[in-house]
Protein chains: 2
Amino acid sequence: MDTAEYRRRGKEMVDFVADYLENIEQRRVYPDVEPGYLRPMIPSEAPLEPESYEDVLRDVDRVIMPGIAHWRSPHFHAYYPAGSSVPSLLAEMLSEALGCIGFTWAASPACTELEIVMLDWLGKMLQLPEDFLAGTGGQGGGVIQGTACEATLMALLAARSKKVKCVQEADPLRSAADIFSKLIAYTSEEAHSSVERAALIDGVVMKMVPTDDNFSVRAETLEKMVAEDKAAGFIPFFFCATLGTTSCCSFDKIDELGPLCNAENIWMHIDAAYAGSSFICPEFRPLLNGVEFADSFNFNPHKLLLVNFDCSAMWVKRRVDLTGAFNMDPEYLKHENQSSGLVTDFRHWGIPLGRRFRSLKLWFVLRMYGLSGLQAHIRKHVELAKVFESLVRDDKRFEICAEVILGLVCFRLKGSDELNEALLKEITRMGKIHLVACKLRGRFVLRFAICARSIELRHVQEAWQHITELSCQLLLKHH
Amino acid sequence: MDTAEYRRRGKEMVDFVADYLENIEQRRVYPDVEPGYLRPMIPSEAPLEPESYEDVLRDVDRVIMPGIAHWRSPHFHAYYPAGSSVPSLLAEMLSEALGCIGFTWAASPACTELEIVMLDWLGKMLQLPEDFLAGTGGQGGGVIQGTACEATLMALLAARSKKVKCVQEADPLRSAADIFSKLIAYTSEEAHSSVERAALIDGVVMKMVPTDDNFSVRAETLEKMVAEDKAAGFIPFFFCATLGTTSCCSFDKIDELGPLCNAENIWMHIDAAYAGSSFICPEFRPLLNGVEFADSFNFNPHKLLLVNFDCSAMWVKRRVDLTGAFNMDPEYLKHENQSSGLVTDFRHWGIPLGRRFRSLKLWFVLRMYGLSGLQAHIRKHVELAKVFESLVRDDKRFEICAEVILGLVCFRLKGSDELNEALLKEITRMGKIHLVACKLRGRFVLRFAICARSIELRHVQEAWQHITELSCQLLLKHH
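The residue numbers shown here count from 1 along each chain, following its written sequence. The order in which chains are written sets their letters, starting at A; the order in which ligands are written sets their numbers, starting at 1. Thresholds applied to this predicted model are a pLDDT of at least 70 for local features of residues and 80 or more for the giving and counting of side-chain atom pairs; totals over whole chains, interfaces and linings are not thresholded and use all residues. Hydrogens and waters are ignored; side-chain quantities use all the structure's heavy atoms.

A. A look at the environment of Glu115 of chain A. Residues and elements named next belong to chain A. Summarising the element assignment, Glu115 is placed in helix H4 (residues 109–125). On a C-alpha basis, the gap between Glu115 and Arg358 in space is 7.7 Å, while along the polypeptide they are 243 residues apart. Every residue in contact with Glu115, bar those within four places of it in the chain, is listed here: Val143, Ile144, Phe346, Arg355 and Ser359. In this structure the side chain of Glu115 is engaged in a polar contact, spanning 2.8 Å, whose partner is the side chain of Arg355. To qualify as a helix, a DSSP run of H or I must reach at least 4 residues; to qualify as a strand, a run of E must reach at least 2; elements of each kind are numbered from the N terminus. The contact rule is simple, with two residues in contact once any of their heavy atoms fall within 4.5 Å. Nitrogen and oxygen atoms within 3.5 Å of one another constitute a polar contact, given that in protein one can donate a hydrogen and the other can accept it, and given that sequence-neighbouring residues count only through two side-chain atoms.

Following this line, the structure appears as structure tokens:
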């Protein structure tokens, strides 16, 4: 197949995709398939001879579509949004075509250089402190990771490496293994599971910090834990704060936690995977106050900022903390400019060496929406969540379970967990809208997230009507 | 922007990409830019108001293209190929449009299920032992990782977790920290830098095993190291074998190393990132003999199998080894089917939770090329490397530095490293073809890799002519 084929088939695929997106509302948002549905529908081996594109495309409709949860549908309210937009889709097409693998500056200079500058653009949009920007002579800088999981893991690894060095400088006879076994990391009991998982991967102990009535970690609580652990001979070294938890979008009090971490030489990493995008709006920026005390900060433009997955933006104040931890230089990756101090080799900044040209997505989206367009998008999402919140509050059978700050509403039917579990099960079975649950203080709670870019007021109203209808039926049955 | 905009702009982008690919040969393959070239070419902040698509596209030509190493060009012979093809590009477009994030089965069943079956298809194409396939009741199975780095890291983590458990079962009073500090991993001195890096990340000691005259690790050598380490109280637990090393595409002798690892309870992981694709050809399959002794196996369809980056295929014999290591289950990721034993939640199989719908690329490519088409592609690449090898061998001023088995030729001018460094520098300066170097036994060696899908005999011949011309000038100057 050659470029003439691509020219023809590519345009057909554009129409296929446009048709899909235009009619997505008519589809059942959540699939009605059983585990293992797909295997019997296709051959058990790859074909020996080529098949036609028409056959493949037919099978997309026959085999794939029935098993898709339609994340782009305005009826999708599960998890958090998976960003997408026309500029982002166009940039992905270009990125795939160029196909450069940007592990070093030399592997494709534009790929590395645009990423550095785009992370500066983005950092300025969030009003990150100057320390986090690369600029032309800064010590800090940003990098695109695949996911927040990877950003957390990299921060944890950098913090560990730094702490071991630091302790050994003061006490040269102490072994790395001994220090390692005494390290303690902390995060909120409401933090994303990937934070605890990063500690498991790294093999260090991580303690869960209890939260206050707003599901926020407070300095007082962490301070006590740190003091106790130090007294017992342990070495506190890392705290992962969350701005916008996955369960209920709560915010740790980084303005009081930051000074504590700084005083205790604890690396503070901020995971703002979902909420981070909102900080480009002046009215939400106060939620980020305290970032000046952090060592690293991360959020996912691929959630609320209309950029396609994956694009997780991470900044550090001292890039040498990241790059110094696992720097390796085999000959086949060496290049003339690497020791000049002028270049960035992003392979030292993350787990994978190979990297796609992801900054193109940021460039296209930031330019074609402009800051004002992106602010409008975020404000609309938050407003629709507020609408849903007020619909819930107006119905005495329901309760709101956590403060609604951005685009997520946690709610439940007053009553038992079983009742709410039954409601969610019924919602899923109907497949008209899609929600998932969370646990808050042990209680089963429904999460209603504003997700699709194309969502409008009527979708929120219809969703609420659907939920109340199902609830009526349920409550009748239970009485 | 809406779908009408996407319909129009998407088709324009298809033409833009097709034009780029059709005329790529006319471009300077390697850019002539200095570090920092890009920043002054664009504004220092994102725009407040939207800019036009025309302006963005104009800047792709003005700002991006001058800094691109054209990996798709038939003049590109650096590193290893970055796969791409029309079916793969089409599948990427579809995957981006669907935008489902497949961290669990429930997050989009088709995304998980197609991946399971595609890895079975691929495993059968390579004639992997039945143990590695998921089938309908198997213990093994495959998963798509982003890169081989991640596959190696996951294998290492699984091996570590398994060994710690195993030692503690025999000796319940021994602490994990103590066991951990005694663990030793091994890999070839010729292994990719990411293998050693995985050990650094994990915090375990990794020893480099010397290779024989063919740059292959032999059982005898590893056996001696393991015996010595055991005698000194250490716990050997992991060996990463390489099939197709990055420097010179050499192959460790897994058919003799495998039985040793099995006898010593050492996890054998096979990294066949580049070479793995070739095993779909019967004539190259013997290189994989011994895989039956491995615990995990990995190769990158995004290198030689025409699939766009990223798509790194990894198999394990016992998936519980991977999933048992870091299983975490918060409420918002729970779903009805997860405990049924019927579903696979790929979030337990890798570092990132979020995952793109990458198996679509495999499905499109395997079907639209067929096994025969992919075999033809690989054979053509290997044949062109053989052509280049014979051109080198026919010129007495040059020497071949490693056996040419697949699509890579390691060669150098007879003489000093300085001479060869000067040759590479001149090649890079001219920008007509692009090569990188490696070190073999401390000597500076040039690598000529067959990369682009569109490469033909004439490109190889022209490249050789260019190299010999530059060499003539150099040799004249040096005499």
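B. Main features of the pattern of salt bridges. All names here are of chain A. Salt bridges are defined as contacts in which a side-chain nitrogen from Lys or Arg sits within 4 Å of a carboxyl oxygen from Asp or Glu. Tallied over the full model, the rule gives 78 salt bridges over all chains. Across the salt bridge formed by Arg174 and Asp178, the nearest N and O atoms sit 2.7 Å from each other. Burial classes follow relative accessibility: with a 1.4 Å probe on protein chains only, a residue under 20% of its type's maximum area counts as buried, one over 50% as exposed, and anything between as partly exposed. Assessed through its relative accessible area of 30%, Asp178 is described here as partly exposed. Among the salt bridges present, the one from Glu456 reaches Lys380, with a minimum N-O distance of 3.4 Å. Within this pair, whereas Glu456 is found in the loop between strand S11 (443–449) and helix H14 (457–478), its partner Lys380 is found in helix H12 (residues 359–393), the two being separated by 76 residues in sequence. You can call Glu456 partly exposed: its relative accessible area is 38%.

C. Local environment of the sheet that holds strand S2 (residues 183–188) of chain B. Residue and element names in this part refer to chain B. Note on pairing: two strands pair once DSSP finds at least 2 bridges between them. Strand order in this open sheet of seven strands is S1-S7-S6-S5-S4-S2-S3, and the pairing throughout is mixed. Every other strand in the sheet has two partners, leaving strand S1 (141–145) and strand S3 (205–209) as the edge strands with one partner each. This sheet shows a mean twist of 20° between the axes of neighbouring strands, independent of strand direction. As judged from the five bridges shared by strand S4 (residues 235–242) and strand S5 (residues 267–271), these two strands associate in the parallel manner. If you follow Cys240 over to S5, its bridge partner there is His269. Lines fitted to C-alpha atoms define the axes here, with helix axes fitted over just the stretch in contact, and angles between the N-to-C directions of these axes take values from 0 to 180 degrees. Strand contacts of helix H8 (residues 219–231): S2, S3 and S4, with the helix running at about 145° to S3, the strand carrying the most contacts. Against the sheet, helix H9 (residues 254–263) touches S4 and S5, its axis set at about 155° to S5.

D. Local environment of the interface of chain A and chain B. Between chain A and chain B, the contact holds 149 residues from the first and 149 residues from the second. By buried area we mean how much accessible surface two parts lose on assembly, using a 1.4 Å probe and totalling the loss over both. Carbon and sulfur atoms supply 67% of the area that chain A and chain B bury against each other, a total of about 13,100 Å² over both sides. Where chain A touches chain B, the interface holds 16 salt bridges. Of the charged contacts, one joins Arg7 of chain B and Asp19 of chain A as a salt bridge, the two residues approaching to 2.8 Å between their closest N and O atoms. For the pair chain A and chain B, the interface holds 58 residue pairs in polar contact (both at pLDDT 80 or more). Counting residues per element, the side of chain A that touches chain B draws most heavily on helix H1 (residues 3–22) of chain A, which supplies 18 residues. Under the scheme applied, nonpolar residues are Ala, Val, Leu, Ile, Met, Phe, Trp, Tyr, Cys and Pro; charged residues are Asp, Glu, Lys and Arg; polar residues are all the others, including Gly. Of the residues assigned to the side of chain A that touches chain B, the class counts are 87 nonpolar, 26 polar and 36 charged.

E. Seen up close, the packing of H1 of chain A against helix H1 (residues 3–22) of chain B. Look at H1 of chain A against H1 of chain B: their axes get within 9 Å of each other, and the N-to-C directions meet at 160°. As far as their axial angle goes, H1 of chain B and H1 of chain A are roughly antiparallel. Note that H1 of chain A runs across H1 of chain B; the crossing there is right-handed. Looking at the contact of H1 of chain A with H1 of chain B, its residues break down into twelve nonpolar, four polar and ten charged. The labels follow the angle: roughly parallel below 35 degrees, roughly antiparallel above 145, roughly perpendicular from 65 to 115, and oblique for the rest. If you view the pair so one helix is near and one far, a crossing is left-handed when the near helix is turned anticlockwise from the far one by less than a right angle, and right-handed when it is turned clockwise.

F. Representation of the relation of the copies chain A and chain B. By a simple turn and slide, chain A fits onto chain B: the slide is 0.0 Å along the axis, the RMSD is 0.0 Å, and the turn is 180°. Taken together, the rotation and translation relating the two chain copies correspond to the operation of a two-fold axis. Every residue of chain A has its C-alpha some distance from the rotation axis, and the shortest such distance is that of Lys11 of chain A, at 2.6 Å. A symmetric contact is evident, with 100% of the interface residues of chain A recurring at the interface of chain B. Only residues with pLDDT of at least 70 in both copies count here: their C-alpha atoms drive the least-squares fit that superposes the copies.

G. View of the pairing of strand S7 (residues 312–316) of chain B. Residue and element names in this part refer to chain B. Burial analysis of S7 places five of its five residues in the buried class, the great majority of the element. Burial along S7 is two-sided: the residues Ser312, Met314 and Val316 and Ala313 and Trp315 are all buried. In this structure, S1 lies alongside S7, joined through five bridges in antiparallel fashion. Paired with Ile144 across the strands is Ala313, a residue of S7. With four bridges connecting them, strand S6 (residues 296–299) and S7 associate as antiparallel partners. If you follow Ser296 over to S7, its bridge partner there is Val316.

H. Spotlight on the packing of H1 of chain B against helix H2 (residues 53–64) of chain B. All names here are of chain B. Where H1 contacts H2, the two axes come as close as 13 Å, and the packing angle between them is 15°. By the angle between their directions, the pair H1 and H2 is classed as roughly parallel. Where H1 crosses over H2, the handedness of that crossing is right-handed. In this structure, H1 contributes Arg9, Glu12, Met13 and Phe16 to the contact, and H2 contributes Tyr53, Glu54, Leu57, Val60 and Asp61. Split by residue class, the contact of H1 with H2 holds five nonpolar, no polar and four charged.

Honestly, that's just the spatial picture; any functional story needs more than this.
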